[in-house]
Amino acid sequence: SDDRLAITTQAATTPYSAYLQVAAQFSDGTILQSSGVMVGPNDVLTAANAIYSQEHGGWASTIQVTPGRYGDLKPFGVHSASEISAPLAWQNSSDLSSDYGLLSLATDIGYVIGWVETGYAGTLAGVNNYTLSTLGFPTDLGGNTLYYSSGSVDQVVANELVFTDDLDMMAGQNGSPVVFNSGGVDIVLGLATQVTEGSEDNRVLAFTSESFETIQTWT
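What counts and what doesn't
Each residue is numbered by its place in its chain's sequence as written, counting from 1. For a predicted model such as this one, the threshold for reporting local features is a pLDDT of at least 70, and the threshold for listing and counting side-chain atom pairs is 80 or more; totals across whole chains, interfaces and linings nevertheless cover every residue. Hydrogens and water molecules were not included; the side-chain quantities draw on all heavy atoms of the structure. Here the term patch refers to residues with relative accessible area over 30% and no salt bridge, with like charges joined within 9 Å and nonpolar side chains (Val, Leu, Ile, Met, Phe, Trp, Tyr) within 5 Å. Exposure was quantified through the Shrake-Rupley algorithm and a 1.4 Å probe, taking into account, for residues, occlusion by the shown protein chains and nothing else. A side-chain nitrogen of Lys or Arg and a carboxyl oxygen of Asp or Glu constitute a salt bridge if their distance falls within 4 Å. Put simply, DSSP H or I for four residues or longer makes a helix, DSSP E for two residues or longer makes a strand, and each gets a number counted from the N terminus. Should DSSP find at least two bridges between two strands, the strands are taken to pair. Lines are fitted to the C-alpha atoms to define the axes, a helix being fitted only along its stretch in contact, and any angle between axes, read from their N-to-C directions, falls within 0 to 180 degrees. Working definition: a ring pair exists when centres of Phe, Tyr or Trp rings (six-membered ring for Trp) sit within 6.5 Å. Plane angles under 30 degrees give stacked, over 60 give edge-to-face, the rest tilted. For each residue, the accessible area found with a 1.4 Å probe, counting protein chains only, is set against the maximum for its type, and the residue is called buried under 20%, exposed over 50%, and partly exposed in between. Take the buried Ala, Val, Leu, Ile, Met, Phe, Trp, Tyr and Cys residues and link them wherever side-chain atoms come within 4.5 Å; each set so joined is a nonpolar core. Between two residues, a contact is recorded if the distance between any of their heavy atoms is within 4.5 Å.

Chemist: Please explain a nonpolar patch on the surface as it appears in this structure.
Modeler: On the surface, a nonpolar cluster with roughly 350 Å² of combined accessible area is contributed by Tyr-111, Val-112 and Trp-115. Mapping Trp-115 onto the fold places it in the loop between α2 (110–113) and β10 (117–118).

Here's what the structure looks like:
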């Protein structure tokens, strides 16, 4: 069953306003839509595949993000990335364990829309059966409205969290943050990556101490 819930008029209020639609144009003319989350005053966390693609010529030439979007409504405007970062392992070989990246925006919109803390699980096996949530902009439902979904981890494979019957996601949600609520505080523990229309299950790239430190260095 599809358990995704649309965030409509609340999209412009915290905490939902910190989740963004990401649109990247590459040198060959390809435009990819994905999702992301503010993790600092001007820092957006997303999937590396959303901003760097060997297939489409490398780094995206133009990237714009839209926070709090609901249909045609863009209450906080559209903001451009001034710097982009992704691990060398992704750039060189599309290493799936390095499919995360960061956008630095030209404006400190985070002071207006808020941001979410990042972290990592010390032992991934320990998150089995934990309930996590995600927010993003799925293209099968138009791509311009934020949708929420939640689910419990069914399996851990290497540094991936596998959800077989919930945490529903579709294309457009590459880069959607996967969040754990700890004592009322949301913490991003990983990202939806390699999300396709035909997925039999949903896999989430969980942050490790190494990837967490890399993200902290970039921010």
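Chemist: Hey, could you run me through the sheet that holds strand β3 (residues 31–38) in this one?
Modeler: Hydrogen bonds between backbone groups are what pair the strands of a sheet, and the pairing can be parallel or antiparallel. Taken in spatial order, the six strands line up as β2-β3-β4-β9-β8-β7 and close into a barrel, and their pairing is antiparallel. Shown here is a sheet whose adjacent strand axes are inclined to one another by a mean of 40°, direction ignored. Bridging between strand β2 (residues 19–25) and β3 involves seven bridges; their strand directions are antiparallel. Among the inter-strand pairings, Val-22 is bridged to a residue of β3, identified as Ser-34.

Chemist: Help me out: how do you make sense of the packing of aromatic side chains in this one?
Modeler: Think of a pair of aromatic rings as described by two things: how far the centres are apart, and how the planes are tilted against each other in angle. Counted by the stated rule, this structure contains six aromatic pairs. Aromatic pair Tyr-120 and Phe-212: ring centres 5.4 Å apart, planes at 50°, arrangement tilted. Here Phe-212 lies in helix α3 (residues 209–218) and Tyr-120 lies in the loop between β10 and β11 (131–136), a separation of 92 residues in the sequence. Residue classification places Phe-212 among the buried positions, given a relative accessible area of 16%. Grouping aromatic residues by their ring pairs yields a cluster made of Tyr-100, Phe-207 and Trp-218.

Chemist: Looking at this structure, I do not really get unusual backbone geometry. What am I missing?
Modeler: Leaving glycine out, the prevailing phi sign among residues is negative, and the prevailing peptide bond configuration is trans. In the segment running from Thr-14 into Pro-15, the intervening peptide bond is cis, with an omega of 5°. Among the structural elements, Pro-15 can be located in the loop between β1 (5–7) and β2. Positive phi, normally seen in glycine, also occurs at Ala-158, with a value near 55°. Its identity as a non-glycine residue notwithstanding, Leu-167 has a phi of 50°, on the positive side. Topologically, Leu-167 is positioned in the loop between β14 (160–163) and β15 (177–182).

Chemist: Which parts of the structure should I look at to understand the pattern of salt bridges?
Modeler: Close approach of charged atoms allows side chains of opposite charge to pair. Taken as a whole and judged by the stated rule, the model has three salt bridges. A salt bridge links Arg-4 to Asp-2, with the nearest nitrogen and oxygen atoms 2.8 Å apart. A salt bridge links Glu-160 to Arg-203; the nearest nitrogen and oxygen atoms lie 3.1 Å apart. Residue Glu-160 is found in strand β14, and its partner Arg-203 is found in strand β17 (residues 202–206); the two are separated by 43 residues along the sequence. Accessibility expressed as a relative area gives 34% for Arg-203, which makes it partly exposed. Look at the salt bridges and you will find they share partners, linking Asp-2, Arg-4 and Asp-140 into a network.

Chemist: Even after reading the chapter, I still don't get the nonpolar core, so can you show me in this structure?
Modeler: Taken as a class, soluble globular proteins show a tendency for nonpolar side chains to be buried jointly. Counting 34 residues, the largest nonpolar core has Tyr-19, Met-38 and Leu-45 as its most contacted members. Of all the secondary-structure elements, those providing two or more residues to this core are β2, β3, β4 (43–46), β7 (62–67), β9 (101–105) and β16 (185–192). Top element by residues in this core is β2. It accounts for four residues. Excluding its chain neighbours within four sequence positions, the residues that come into contact with Tyr-19 are Gly-36, Val-37, Thr-66, Pro-67, Gly-68, Val-116, Leu-135, Phe-137, Leu-146, Pro-177, Val-179 and Asp-186. Leu-132, Val-178, Val-195 and Ala-206 belong to the second-largest nonpolar core, a separate cluster that totals 15 residues.

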